[in-house]
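As a plain string of letters, each chain reads:
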Amino acid sequence: MEERPKKPLILYATQTGNALDAAERMGREAERRGCSVHLLSLDQYDASCLPQEGAVIFVVSTTGQGDTPDSMKGFWKYLLQRNLSRQWLEGLNYAVFGLGDSGYQKFNFVAKKLDRRLLDLGATPIVQRGLGDDQHPTGYEAALDPWMTSLWSMLNTVNSNYFPSGPGFLIPYENLISQPKIRIMYHEVGKVDSQLSTGSDLNHIELQIERARKMSSVKYSLDKNRPDCILKLVKNQPLTKSNSKDKEVHHFEFEFVSSAIEYEVGDILEILPSQNPAAVDAFILRCNLDPESFITVHPFEMENQLLDTLVPIKLKTFVELTMDVASASPRRYFFEVMSMFATAEHEKERLQYFVSPEGRDDLYQYNQRERRTVLEVLEDFPSVQMPFEWLVQLVPPLKMRAFSISSSPSAHPNQVHLTVSVVSWTTPFKRNRAGLCSKWLAELDPEQCVHVPVWFQKGSLPPPPPSLPLILIGPGTGCAPFRGFMEERAMQSLSGTTAPVMFFFGCRNEDNDFLYRDFWLSHSQNDGVLSEAKGGGFYVAFSRDQPQKVYVQHKIREHSQRVWNLLSEGAAVYVAGSSTKMPSDVLLAFEEIICKESGLPQESAVRWLRALEKAGKYHVEAWS
């Protein structure tokens, strides 16, 4: 009898959790076909062991502007070693599935370069790489489903022993989903009291967040558990006109109250939003949970380790701080597990249909397209009573929201400013939806002494030295980091010479959403840091104020010669704003300017801009 081969290995690299979801789903689908797999994060795997593997499936996301996720950096560095031969991975069969967003210029860049490098090292692809796209109507699963079908078929060709009953054989879901990975312990109140914080209110907030996140099913890096500090809201000012139907943007000012953190212009502020208390209460009631009970949460594999380090937390507080019950839509696996606990036959049938290949599009229409929340889905299937362990494992985590800081610490000591667009939309079934964090922020009243937990991060826009000429492009709230840049440069100009700055801003209407109008104009006049007299300039594209639409790329072309002159003097380009078309349209405008003003052919202009990027002088921070 032929020996079973070594288990296929699924290695994933995730930044936001999507690649982990996809990898776990692949693992479940393999096991449904009788193929047992190992699943590991790339930072848990020793890259030197790759030649000993039989088959490896990589699931990797692309972050920012073509960057590898943090968990992949060490693995990728190992793979780039020059002493690895072209035969190093001969005998290894591999497959790569990438998760990306085609709104970004470097769509699925990480998956593509990983695929090329594995080929270079002698590995054999099982199937052509798969590329999931967040922009697709049904998300990355539109590419994942057909890719997995091909994968199982080709993996069976590589070695039929992986699938003892063939790749078409399927074990029913109920037989496969045995128990959750989470264990919850309930504690008596008397034994808990002595461990609760007796420190200041702010310290108590930080401790509660740290305790909850330490127990969350999502594994954060240690420095992400506890907030860097607590900020107090001191100003909430609308920047757009109240009758503007298209957009609502607010300017926020916060003061440090717990401890001051040093930050630089171009940095990112991450905020943990508060959920609607009524929604949290409704979720707890719907799931028959006791909000006042004290719990500890841990993975099953941690059963006998480190449990004494977990401090019990109130169930309601745990839900509020870690589980997104009324904003995020649940994943497909949530519906798979729900079908196990549905006692009404018509509900069970509908849930089983949703998770079948035939029901994928209908599930997308019901769930993602309508942005149904966990609470709404549970209310639509009243016979389902899921144990809390499953809910903790499957409810989407409450994520921090990242915003570009729009202030300079030199100009505003002890403060941080943000420029936030309030996200709102109408679903296909005419239901009004709003972004959890932006709506919560917009409704905050500084008079109410609001404290906000935050983390500081480095962004994609490094702070420029005062001697560096700048060309800035920031339509809409993309102007936020450049407000900080201009405040910083204005402070620097008080004590020395500063290089010229050109700034191209864009909005829809001069009257409705010309954000920080007086600020920009004041710096563009009277020899200000944005003035033409200082070699720079401030230029605005109002897209809706005339019959033909005018965008920032049109304004850049309009000032072609001045842009080229500044580029020739060694200027750095910074682009911030929407990731859809703007960054690529702006890049194309620069290509055309270089061709026109220097006489170079287009291929040379493309190489010129690539060299600018490699030299650290072309930066993009875009968001969808």
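Because the structure is a prediction, the values reported are computed rather than measured. (Residues numbered from 1 in each chain as written. Predicted model: local features only at pLDDT ≥ 70, side-chain atom pairs only at ≥ 80, totals over all residues. Heavy atoms only, no water.)

Asker: Is there a simple way to think about the packing of helix α7 (residues 201–215) against helix α10 (residues 315–322) in this case?
Answerer: Describing two packed helices takes the angle between their axes plus the distance from one axis to the other. The geometry of α7 relative to α10 is characterised by a closest axis approach of 9 Å and an angle of 80° between their N-to-C directions. Regarding the angle of α7 to α10, the classification is roughly perpendicular. Of the residues in α10, those touching α7 at Gln208, Ile209, Ala212, Arg213 and Met215 are Thr317, Phe318, Leu321 and Thr322. Taken together, the residues of the contact of α7 with α10 break down into 5 nonpolar, 3 polar and 1 charged. (Axes fitted to C-alpha atoms, helices over the stretch in contact; angles between N-to-C directions. Helix = DSSP H or I, 4+ residues; strand = E, 2+ residues; numbered from the N terminus. Parallel < 35°, antiparallel > 145°, perpendicular 65-115°, else oblique. Contact = heavy atoms within 4.5 Å. Nonpolar A, V, L, I, M, F, W, Y, C, P; charged D, E, K, R; others polar.)

Asker: Explain the side chain of Gln208 here, please?
Answerer: Structurally, Gln208 can be placed in helix α7. Note on Gln208: relative accessible area 15%, which makes it buried. For Gln208, the contacting residues outside a window of four places in its chain are Ile313, Thr317 and Leu321. (Buried < 20%, exposed > 50% of the residue type's maximum accessible area, 1.4 Å probe, protein only.)

Asker: In this structure, what is going on with the UniProt feature "binding site: FMN" (unreviewed entry) in the protein? I would like to understand it.
Answerer: The UniProt feature table records "binding site: FMN" (unreviewed entry) at Thr14, Gln15, Thr16, Gly17, Asn18, Ala19, Ser61, Thr62, Thr63, Gly64 and Asp134. By relative accessible area, which is 17% here, Asn18 ends up buried. If sequence neighbours within four positions are ignored, Asn18 has contacts with Leu99, Asp134, Tyr140 and Arg331. By the secondary structure assignment, Ser61 is in strand β3 (residues 55–61). (UniProt positions renumbered as here; feature names shortened; annotations may be inferred.)

Asker: What am I meant to see in helix α1 (residues 18–32) here?
Answerer: Turn by turn, an α-helix covers 3.6 residues, leaving residues three or four places apart pointing in a common direction. Look at α1: 21 Å from first C-alpha to last across 15 residues, which is about the 21 Å you get at 1.5 Å a residue. Listed in full, the buried residues belonging to α1 are Asn18, Ala19, Ala22, Ala23, Arg25, Met26, Gly27, Arg28, Glu29, Ala30 and Arg32. Looking one or two residues past α1, Gly34 carries a phi angle of roughly 80°, positive in sign. (Expected span 1.5 Å × (residues − 1).)

Asker: What is the right way to read the layout of surface pockets from this model?
Answerer: Summary: where empty space remains is shown by rolling a probe the size of a single water molecule over the atoms. Of the volumes computed, that of the second largest pocket is approximately 620 Å³. As for the second largest pocket, its lining consists of 17 residues, of which Gln65, Lys106, Arg610, Glu613 and Tyr618 are closest to the centre. Only α21 (582–598), α22 (602–614) and β22 (618–623) provide two or more residues apiece to the lining of the second largest pocket. Examining the composition of the lining of the second largest pocket, we find that 5 residues originate from one element, α22, more than from any other. The residue inventory of the lining of the second largest pocket, partitioned by class, reads 6 nonpolar, 5 polar and 6 charged. (1 Å grid on protein atoms, 1.4 Å probe; cavity = no way out; pocket = protein on both sides within 12 Å on 5 of 7 lines; lining within 4 Å. Points joined across faces, edges and corners; volume = space filled by probe spheres on them.)

Asker: Mind showing me how you'd approach α7 here?
Answerer: Taking 1.5 Å as the rise per residue, α7 with 15 residues should run 21 Å; its terminal C-alpha atoms sit 21 Å apart, in good agreement. Here α7 has its buried residues at Leu202, Glu206, Leu207, Gln208, Ile209, Arg211, Ala212, Arg213 and Met215.

Asker: Explain empty space enclosed by the protein to me, please; I cannot follow it from the model alone.
Answerer: For the structure shown, the criterion picks out 2 cavities of 30 Å³ or more. For the second largest cavity, the calculated volume is near 30 Å³. Every residue along the wall of the second largest cavity is listed here: Thr138, Glu141, Arg360, Leu363, Tyr364 and Gln368. The leading source of residues in the lining of the second largest cavity is helix α13 (residues 360–366), at 3 residues.

Asker: Help me understand the nonpolar core, please; the structure alone is not making it clear to me.
Answerer: A general feature of soluble globular proteins is that nonpolar side chains tend to end up buried together. In this structure, Phe283, Phe318, Met323, Phe334, Met386, Phe388 and Leu391 are the most contacted members of the largest nonpolar core, which totals 51 residues. Ignoring anything within four residues of it in the chain, the contact list for Met386 reads Phe334, Val337, Met338, Phe341, Leu378, Leu391 and Leu394. In this structure, Cys479, Met486, Leu530 and Ala576 belong to the second largest nonpolar core, which totals 28 residues. (Core = buried A, V, L, I, M, F, W, Y, C linked by side-chain atoms within 4.5 Å.)

Asker: Looking at this structure, how should I read the environment of Phe381?
Answerer: Along the chain, the position of Phe381 falls in the loop between α14 (374–380) and α15 (388–394). The exposure class of Phe381 is buried, given its relative accessible area of 1%. A C-alpha to C-alpha distance of 32 Å links Phe381 and Arg211, two positions 170 residues apart in sequence. Residues contacting Phe381, with those up to four places away along its chain left out, are Arg286, Met338, Glu347, Arg350, Leu351, Phe354 and Tyr366.

Asker: Looking at this structure, I do not really get the packing of helix α9 (residues 277–286) against α10. What am I missing?
Answerer: Where α9 meets α10, the axes come as close as 11 Å, and the angle between the chain directions of the two elements is 120°. Judged on the interaxial angle alone, α10 and α9 are oblique. Between α9 and α10 the crossing geometry is right-handed. Residue-level contacts link Val280, Asp281, Phe283 and Ile284 of α9 to Leu315, Lys316, Val319 and Glu320 of α10. Here the residues of the contact of α9 with α10 sort into 5 nonpolar, no polar and 3 charged. (Left-handed = near helix turned anticlockwise from the far one by under 90°.)

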